[in-house]
Structures are given as C-alpha cells and as structure tokens.
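Geometric and topological summary
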Amino acid sequence: MTLALALLQLGTLYDQSIAKLLDRQFPSAEISYILLDTSTNAVIAQRWQHADQPIPVGSLLKPFVALAASANGKFPALTCDPKQCWLQKGHGALNMTNAIAHSCNSYFQQLAPLANPDFLSRFGLAPPPQNASAETWIGLGREWKLSPLSIARAYSILASYPEAAPVLAGMLQSSQSGTGRAIAIKARVKTGTAACAHPAGQPGDGYVVAMVHGYTLLVQVHGVPGATTAATAGRMLSAILRGK
Ligand SMILES: [Zn+2]
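The text that follows walks through the structure, step by step, so that each part is easy to find.

Rules behind the numbers
Residues numbered from 1 in each chain as written. Predicted model: local features only at pLDDT ≥ 70, side-chain atom pairs only at ≥ 80, totals over all residues. Heavy atoms only, no water. Donors = N, O, S within 2.8 Å, 3.2 Å for Na, K, Ca; no water. Pairing = 2+ DSSP bridges. Helix = DSSP H or I, 4+ residues; strand = E, 2+ residues; numbered from the N terminus. Axes fitted to C-alpha atoms, helices over the stretch in contact; angles between N-to-C directions. Contact = heavy atoms within 4.5 Å. Expected span 1.5 Å × (residues − 1). Buried < 20%, exposed > 50% of the residue type's maximum accessible area, 1.4 Å probe, protein only. Arc of directions from axis to C-beta. 1 Å grid on protein atoms, 1.4 Å probe; cavity = no way out; pocket = protein on both sides within 12 Å on 5 of 7 lines; lining within 4 Å. Points joined across faces, edges and corners; volume = space filled by probe spheres on them. Nonpolar A, V, L, I, M, F, W, Y, C, P; charged D, E, K, R; others polar. Core = buried A, V, L, I, M, F, W, Y, C linked by side-chain atoms within 4.5 Å.

1. So, the coordination of the zinc ion
Geometry sets the ideal angles at a metal, namely 109.5 degrees for four tetrahedral donors and 90 or 180 degrees for six octahedral donors. The coordination sphere of the zinc ion, as far as protein atoms go, consists of Cys80 (SG), Cys85 (SG), His91 (ND1) and Cys104 (SG), spread over 2.0 to 2.4 Å. Along the chain, the residues donating to the zinc ion are arranged with the sequence spacing C-x4-C-x5-H-x12-C.

What follows is the structure in structure tokens.
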C-alpha cells in the first residue's frame, strides 16, 4: 500500500469515528447536523433526514444577502430601525461586522433591495422567488427555502471568499459577544431561527453554522431559538476537537 493510500484510509476511519462519537453523545432526535470539511466541502458526518430538501433557514441567509447587495465588498454603516428588528430597543448604528454579530434584522432589510439574486449561484444557492420582499430576503417566513446541505456548503465557500472579510469578522464576534455566544468557544458563528421544518410543529427551529479548525458544522435543534442552539453546537464541536 502506498503512503498516500494509507493516509486516505486513516482519514476515512477518523471520519467514521467522528460520526459515531456524535451519534453516541448527541442521540436526541431533536438534533440534526451536517459536518463538512471546510476546504473540500466533503461531508465528514451527517445525521439529517432529507438534507437535500429545501426548508426555511432564517437568518443563516444574512451573509449571502449582504454579499449579493455589495458590488465591491464595501458595506454601509446603517442605523437599526427598532420597528424592523427583533430587538425591541434596536441595535443603534451598525457596520457589517456588528450587524452579523448581532443578527440585526433592520440592517439587512435595508440592504435587501440592492441584492442581486444571480449572485447567489457563486455560493451554490438557489435564489428567492421573484420580487421577494425584504423580509423574505432576510429569512423571515417560508417563502425562500434552501436545502441544509446547500446552506452548509455555501458557508464553506464563504470562508475563503475574498470580499467576505467583514462578514467573517462578524461571525467571530458572534461567538464572543453576539447571538452565538452560548457556543462558548472561539469560532465563526451564525445563528438563525426559522419557521419549524418538522411535521410535529413547534413555533420554530434553531440553526447554527459554526466554522473552526477546518470544520463547517450546521446544527438544527427542533423547537428552540438559534441562540440556544449555539450551546448544542459548542458541545458538539468540543467533542469533535477533543476526539482528534
Ligand atoms: Zn436591529
């Protein structure tokens, strides 16, 4: 056996052990996940029924709306209008990095009219329906659905996208002091809460994408907000990184 082949087999064995580890430590049927290799976008481990079927993914869309609305990687400073935001007192003045970290609805609703739907194919994402509202563009409601696999892969592409630096800085800030802080490790994080994707309906499902050490992890927890899902994602990443 060549060395390359031996290393390849070792890698595959390691991937199998991650899948086993996650299924043993996180057996709850409420938790679905996809773990990708960020650089190759290959699936390392996955437990998600119908991962290729489109569902609402909420605020996970915001980074891609931002990039679709920017011609040159420059993003405006905008002031949150509390009437458009989930945070009652509003977020005040925000740049892109803060807007991602705190997942401000108003900031992205103001950008949405500038977004070019054709741009989304760079990230392998299907565009929203024609003439989508600003609310649809930022992931409110059920109008724009994407498959879990496609949104996870879009984040891996984002990780090395040249114009995404302010967005990626916002994702890092999210894990420190933003909506993703329950993750309790330093990672690039985006949270989302979306209309429930399950037959036994809850008001919503929580989503987190977390990127660290070459992994892209997408987690969905049934019936809880995205900010709470971050805690689960953090425990999963800790288990993966310890297992290494
Ligand atoms: Zn806001």
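2. Considerations on the sheet that holds strand β1 (residues 31–37)
Two orientations exist for strands paired in a sheet by backbone hydrogen bonds: parallel and antiparallel. With respect to topology, 5 strands assemble into an open sheet ordered β2-β1-β7-β6-β5, the strand pairing being antiparallel. Two strands in the sheet have a free side with no partner beyond their single neighbour: β2 (43–47) and β5 (188–195). Between one strand axis and the next, the sheet turns by 10° as a mean value, whatever way the strands run. By the bridge criterion, 7 bridges tie β1 to strand β7 (residues 215–222) in an arrangement that is antiparallel. Following the sheet pairing, aspartate 37 is matched in β7 by tyrosine 215. Contacting β5 and β6 (204–212), helix α7 (residues 165–177) crosses the sheet at an angle of about 80° to β5.

3. Here we look at α7
Its 13 residues give α7 an end-to-end C-alpha distance of 18 Å, which sits within 8% of 18 Å, the value for a rise of 1.5 Å per residue. What α7 keeps buried is the set Val167, Leu168, Gly170, Met171, Ser174 and Ser175. Projected down its long axis, α7 shows its buried positions confined to an angular sector of 155°, all on one face. On its buried face, α7 sits against α2 (62–68), α3 (96–101), α6 (148–159), β5 and β6.

4. Observations concerning the layout of surface pockets
Of the voids in this model, the largest pocket is the one considered here, and its volume is about 370 Å³. Along its surface, the largest pocket is lined by 14 residues, and Ser32, Trp48, Gln49, His198 and Gln220 are the ones closest to its centre. Its residues assigned to classes, the lining of the largest pocket comprises 6 nonpolar, 7 polar and 1 charged. Size it by volume and the second largest pocket reaches roughly 280 Å³. Along the wall of the second largest pocket there are 18 residues; nearest its centre are Ser59, Trp86, Ser103, Thr191 and Thr193.

5. Examining α6
Taking 1.5 Å per residue as the helical rise, α6 with its 12 residues ought to reach 16 Å, and the 17 Å between its terminal C-alpha atoms agrees with that figure. Among the 12 residues that make up α6, 9 are buried, leaving the element largely enclosed by the rest of the structure. Looking only at α6, the buried set comprises Pro148, Leu149, Ser150, Ile151, Ala152, Ala154, Tyr155, Ser156 and Leu158.

6. Looking at the nonpolar core
With 52 residues, the main nonpolar core has Tyr107, Ile151 and Leu158 as its most contacted residues. Elements supplying a minimum of two residues to this core: β1, α2, α3, α4 (105–111), α6, α7 and β6. Per-element accounting of this core gives the leading share, 6 residues, to α6. Not counting chain neighbours up to four residues away, the residues in contact with isoleucine 151 comprise Val57, Leu60, Leu61, Phe64, Leu125, Leu146 and Leu218. Counting residues in each nonpolar core, the second largest holds 25 residues, with Leu22, Tyr33, Ile183 and Ala187 among its members.

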